[in-house]
Amino acid sequence: MSDHQEVIAPDQEEQAALTRDEVFEIRRRHRANIPDLHNGAYRRLWDRAISGRDLRAAIRGKCQDCMAWQVPEIKICTCVACPLFPYRITGRKIPRPAKSVSTPVETP
Ligand code: SF4
């Protein structure tokens, strides 16, 4: 077993051992910590995301959570290595990289 597995494995075992009630309680506490702003909009978005049926809400909800519900911060996020970066809601299109002239790869 590698060092990485030794660190990760206990958490995975704990997660697998969670009962349905424990999962419900963890989610209830998380939801209670979401700011009750904009007439509950953040909590409603989280509800849609956690339902597992709205991928767009999941992306938006994760970005809001990441930026502590400071929505304008999502637009100026600079974490280009984040897997959600290309999908975050910015209100603008992400510019595509300019097409480059491909150079032939030399083969031996
Ligand atoms: S794209 Fe930016 S705001 Fe969204 S989750 Fe990633 S780091 Fe956070």
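Residues numbered from 1 in each chain as written. Predicted model: local features only at pLDDT ≥ 70, side-chain atom pairs only at ≥ 80, totals over all residues.

## Here we look at the confidence of the model for the chain
Part 1 of the argument: Averaged over the chain, the pLDDT score is 82; the fraction of residues at 70 or greater is 71%.
Part 2 of the argument: No element of the chain has a lower mean pLDDT than helix 1 (residues 3-17), at 58, and none a higher one than helix 3 (residues 41-50), at 96.
Part 3 of the argument: In this model, residues 1-7 is a region of pLDDT below 50 whose contacts with residues beyond four sequence positions or in other chains number one contact. (pLDDT = per-residue confidence, 0-100. Helix = DSSP H or I, 4+ residues; strand = E, 2+ residues; numbered from the N terminus. Contact = placed C-beta atoms within 7 Å.)

## Side note on the site of the ligand
Part 1 of the argument: If you check the shell around the ligand, you find K62, C63, C66, M67, I74, C77, C79, C82, L84, F85 and R88 and nothing else.
Part 2 of the argument: Among the elements that make up the shell around the ligand, the one with the highest residue count is helix 4 (residues 55-66) (three residues).
Part 3 of the argument: Grouping the constituent residues of the shell around the ligand by class yields nine nonpolar, no polar and two charged. (Near = placed C-beta within 6 Å. Nonpolar A, V, L, I, M, F, W, Y, C, P; charged D, E, K, R; others polar.)

## Focus: the packing of helix 3 against helix 4
Part 1 of the argument: Look at helix 3 against helix 4: their axes get within 8 Å of each other, and the N-to-C directions meet at 130°. Here helix 3 is positioned oblique relative to helix 4, judged by the angle of their axes. Crossing of helix 3 over helix 4 shows left-handed handedness. Seen from helix 3, the contacting residues are Y42, L45, W46, R48 and A49; seen from helix 4, they are A57, A58, R60, G61 and Q64.
Part 2 of the argument: When grouped by side-chain class, the residues that make up the contact of helix 3 with helix 4 number six nonpolar, two polar and two charged. (Axes fitted to C-alpha atoms, helices over the stretch in contact; angles between N-to-C directions. Parallel < 35°, antiparallel > 145°, perpendicular 65-115°, else oblique. Left-handed = near helix turned anticlockwise from the far one by under 90°.)

## Looking at helix 4
Side chains of residues three or four places apart in an α-helix project in the same direction, reflecting 3.6 residues per turn.
Part 1 of the argument: When the terminal C-alpha atoms of helix 4 are compared, their 16 Å separation across twelve residues agrees well with the 16 Å that a helix rising 1.5 Å per residue should span.
Part 2 of the argument: Among the residues of helix 4, R60, G61, C63 and Q64 are the ones counted as buried. Down the axis, helix 4 shows its buried residues gathered within 165° of arc, on one side only.
Part 3 of the argument: On its buried side, helix 4 packs onto helix 3 and helix 5 (71-75).
Part 4 of the argument: Of the residues flanking the end of helix 4, it is A68, one or two places downstream, whose phi is positive at about 50°. (Expected span 1.5 Å × (residues − 1). Buried ≥ 20, exposed ≤ 12 C-beta atoms within 10 Å, placed from the backbone. Arc of directions from axis to C-beta.)

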